[in-house]
Amino acid sequence: MNEIDIVRAVTEEGYQISPLAVELIKSSNSPESLLKYILSTIDNCIFVIEPEHIDLKGFEASKTVLGTSSGSSPLTLSQTPAGTMSLESRTSESISSPSLEPLSSDMVKAPDLSSNALKEAEFTSNVEPEVVSRFDTPSNNSETDSDIPSSQEHTLDFVSQSVAKSVADSTSDPFTDSVINSVSSPVNPPVSSGGKERQDASFFGQEVSLSTPNRLSRASPFLSNHESAFSSSSRAEELRHIPGPNPVTVLSDITGHSTCIGEYMQFVQYFRDRYSRLSEILRGRMNTRPIESLKRRNFRRGSDGGNEELSIIGMISDISSTNNGHKILSLEDPTGSFSVLIRNSDKELFELASRLLLDEVIGVTGSVTNDGNLMLATKILQPDVPNSVQRRTGSHGKAVLISDVHVGSSQFLEDSWLDFLDFLKGESDSEEMREVAAQVRYLLVAGDLVDGIGIYPDQEMELDILDVYEQYRKAAEYLREIPERIRVVISPGNHDAVRQAEPQPALPERIRADFPENVTFVGNPALVDLDGVRVLIYHGRSIDDLVASVPGVSYQEPAGAVLEMLKRRHLAPTYGSRVSISPEKKDYFIIDPVPDIIHTGHVHTLGVQRYKNVLLVNSGTWQAQTEFQKRVNLVPMPARVPIVDLADFDVKILAFD
């Protein structure tokens, strides 16, 4: 039984398997029987089968019970085939994906440019032979730094000459010399997306050995004995139900579940959870294989003369552009990494690739070059919302969506806010407004209830209330005017008195104590069920990243940014940009299940959009234009209130200015 047979059998059952586990199975006396035993006994919460998941003693015991024991002693973790290193000794070294091994000198020196070599591929390389990575290497200091990195710039490692050669070797494919020349040029290396070097750890903890003595060598987390601490399955959360005529069930919320202290392995676990859950969505729509299997596969040509098409799922670790304007993506899964080329001649595919972000999870279909080093993409698939998603109905009444109240700011529009409170109390002058108010069941606040203290330089010059607790007491005083029949749900934002790293827990008890009983506090983000209607509340700080990174997304149309989140099924796709993200065991930013409504704020502009039966609402603000907003030419849309009918999701905008 060879490696390909093992990998194929495992993937058909919905699992992936590491190269070391494949080697362990192949080295046993009965590889087929052992593989069947593993697949029949493996915990279904395990995503990638590792050596520690293979119960050799249990397998031998099962053979003895069945009377099929061969009498040979079972292979243990310390026993290995002749000529190989024991698994115990491997765990003391830096375990690398084959694609991340250090490049040999032959791979980085300039190739022979004489004769036909120059005609086939005009390339030399001046790229340094160092593989850069996603995470900072932890210090040798025994004390762990508990601060969460607020920003980590992305960089590209490089497209090595081995990748360029893979294109040069595939000239018989329907792929012209112009692409070959563009993959590696004698003058200009691929364009990088950032300036800070990545170090020696990947998304999933795989790494390369570097000769620099100050860099700490670590074993792959897939060989770690801390399976319970770093399992891909997150700790189950208890649903929190608030009963009453307007019930609320909190389906997902970080509050009370944060375990992050900023250790290296927690970053690995965070990305593993993200990949596991998003790839599961994609696997339901395409037949994929682990990246590692591509490197051991003999690629055959189809009847049309082209290579057979294969599909992989990976997290985007690098994005670069060639000199001829093509794009190269580096995709990574728990088994390795692989380069994918998107040709600019395929306009639709290239446009989609131009909107991709670092760290998002995608599926790619394409043909692999003859040497198995590069995929030529023909299709890119994002997790997205399925076309078949059905809008749920059956609820009644209305929900009011607001955010960015900024109580305490000198620009807080108190008169408009008081008119809004009069509306909720049914005291409007208009009969029509009073009828609408009588149907209001919920008020949802998506962050920045108060302006806070020390959020930006010289903020105190723009505050009417200089104490943050006084700001909250004033906010609580306002909310006590809201009728008790209306359930108020408050999620924090970057101006609120919680940690800046997202996901953010609910406001602390010291603050919550001042608010009336009809107020429910949740974290950011939070998925809540409002009497049968699922609403995902997220303050929306990652909108800043999407405006900066995705063509066509703007602050004037903030719902367009939320639409990009929904296509990626993730609220904050790129790690380490403007949003500080705490690496928890569970990625709370994944949009799963698909909600009925996504409610965001943060950018102080109003936007409403529908996408595949999901309502996207970015509520405005209750703060006039600040000095900072004047400097960046951001014009807010204050005192505009979206009101959603929970029966048919119709939206009306009420103005209180």
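Being a predicted model, the structure only gives us computed values, none of them experimental.

Caption draft 1: Spatial organisation of the pairing of strand β9 (residues 374-381). With six of eight residues buried, β9 is to be regarded as a mostly interior element. By the bridge criterion, three bridges tie strand β7 (residues 336-342) to β9 in an arrangement that is parallel. Directly across from V340, in β9, lies its bridge partner M375. With six bridges joining them, strand β8 (residues 361-368) and β9 adopt antiparallel strand pairing. Note on β9: the bridge partner recorded for T365 is K379. Linkage of β8 to β9, two consecutive antiparallel strands, is achieved through a turn of five residues, within which G372 is found at a positive phi near 75°.

Caption draft 2: Just the sheet that holds strand β18 (residues 614-618), in detail. Strands sit in the order β3-β4-β14-β15-β16-β18-β17 across an open sheet of seven strands; the sheet is mixed. At either margin of the open sheet sits one strand with a lone partner, and together these are β3 (240-242) and β17 (607-611). Ignoring which end each strand starts from, the neighbouring axes of this sheet average 20° apart. Direction of pairing for β17 relative to β18: antiparallel, over a ladder of five bridges. The residue bridging Y611 from the neighbouring strand is V614, located in β18. Strands β16 (597-600), β17 and β18 of the sheet are contacted by helix α18 (residues 558-568), whose axis makes an angle of about 35° with β17.

Caption draft 3: Looking closely at helix α15 (residues 468-479). For α15, spanning twelve residues, the distance from its first C-alpha to its last is 17 Å, which sits close to the expected 16 Å at 1.5 Å a residue. Among all positions of α15, only V468, Q471, Y472, A475, A476, Y478 and L479 are buried. One side of α15 carries all its buried residues, which in axial view fall inside an arc of 155°. Tucked inside the fold, the buried residues of α15 contact α13 (414-424), β12 (487-491), α16 (509-512) and β13 (519-521). Capping the start of α15 is the job of one residue whose side-chain oxygen sits 2.8 Å from the backbone nitrogen of Y469: D467.

Caption draft 4: Representation of the sheet that holds strand β10 (residues 398-402). Strands sit in the order β13-β12-β11-β10-β19-β20 across an open sheet of six strands; the sheet is mixed. Each having just a single partner strand, β13 and β20 (651-655) make up the two edges of the open sheet. Averaged over all pairs of adjacent strands, the angle between their axes in this sheet comes to 25°, without regard to strand direction. In this sheet, β20 lies alongside strand β19 (residues 640-645) in antiparallel orientation, the contact comprising five bridges. Residue pairing for β20: R640 is matched across the bridge by A655.

Caption draft 5: Representation of the confidence of the model for the chain. Summary statistics for the chain give a mean pLDDT of 76 and a share of 70% for residues scoring 70 or more. Under a pLDDT of 50 for its full length, residues 68-200 has, in the predicted model, 290 contacts with residues more than four places off or in other chains. Confidence drops under a pLDDT of 50 for residues 207-235, and excluding neighbours within four residues, the segment shows 83 contacts in the predicted structure.

Caption draft 6: Focus on the packing of α13 against α15. The interhelical angle for the contact between α13 and α15, taken along N-to-C directions, is 35°, at an axis separation of 11 Å. Seen from α13, the contacting residues are E414, W417, L418 and L421; seen from α15, they are K474, Y478 and L479. Grouping the constituent residues of the contact of α13 with α15 by class yields five nonpolar, no polar and two charged.

Caption draft 7: Representation of the side chain of D545. Locating D545 in the fold gives a position in helix α17 (residues 543-549). When neighbours within four sequence positions are excluded, D545 is seen to be in contact with S577, R578 and V579.

Caption draft 8: Fine view of unusual backbone geometry. That bond from E502 to P503 is cis: its omega, 0°, falls within 30 degrees of zero. The amide bond that connects D592 to the next residue, P593, takes the cis arrangement and shows omega of 10°. With respect to the secondary-structure elements, P593 resides in the loop between α18 and β16. The backbone of H602 shows a phi angle near 75°, a positive value even though the residue is not glycine. Looking at the secondary structure, you find H602 in the loop between β16 and β17. With a relative accessible area of 14%, H602 lands in the buried category. The phi dihedral of F649 is positive, around 60°, even though this residue is not glycine. With respect to the helices and strands, F649 occurs in the loop between β19 and β20.

Caption draft 9: Region of interest: the packing of aromatic side chains. If you walk through the whole model with that rule in mind, you get 17 aromatic pairs. Measuring from ring centre to ring centre gives 5.1 Å for F420 and W622, while their planes differ by 35°; the resulting arrangement is tilted. Residue F420 is found in helix α13, and its partner W622 is found in the loop between β18 and α19 (627-631); the two are separated by 202 residues along the sequence. Judged by relative accessible area, W622 falls into the buried class, the value being 2%. Ring pairs connect the aromatic residues F412, W417, F420, F423, Y478, W622 and F656, which therefore count as one cluster. We note R510 situated over the ring of Y469; from NZ or CZ to the ring centre the distance is 3.7 Å.

About the thresholds
Residues numbered from 1 in each chain as written. Predicted model: local features only at pLDDT ≥ 70, side-chain atom pairs only at ≥ 80, totals over all residues. Heavy atoms only, no water. Buried < 20%, exposed > 50% of the residue type's maximum accessible area, 1.4 Å probe, protein only. Helix = DSSP H or I, 4+ residues; strand = E, 2+ residues; numbered from the N terminus. Pairing = 2+ DSSP bridges. Axes fitted to C-alpha atoms, helices over the stretch in contact; angles between N-to-C directions. Contact = heavy atoms within 4.5 Å. Expected span 1.5 Å × (residues − 1). Arc of directions from axis to C-beta. Polar contact = N/O pair within 3.5 Å; in protein donor to acceptor, adjacent residues only side chain to side chain. pLDDT = per-residue confidence, 0-100. Nonpolar A, V, L, I, M, F, W, Y, C, P; charged D, E, K, R; others polar. Phe/Tyr/Trp six-rings, centres within 6.5 Å; stacked < 30°, edge-to-face > 60°. Lys NZ or Arg CZ within 6 Å of the ring centre and 35° of its normal.

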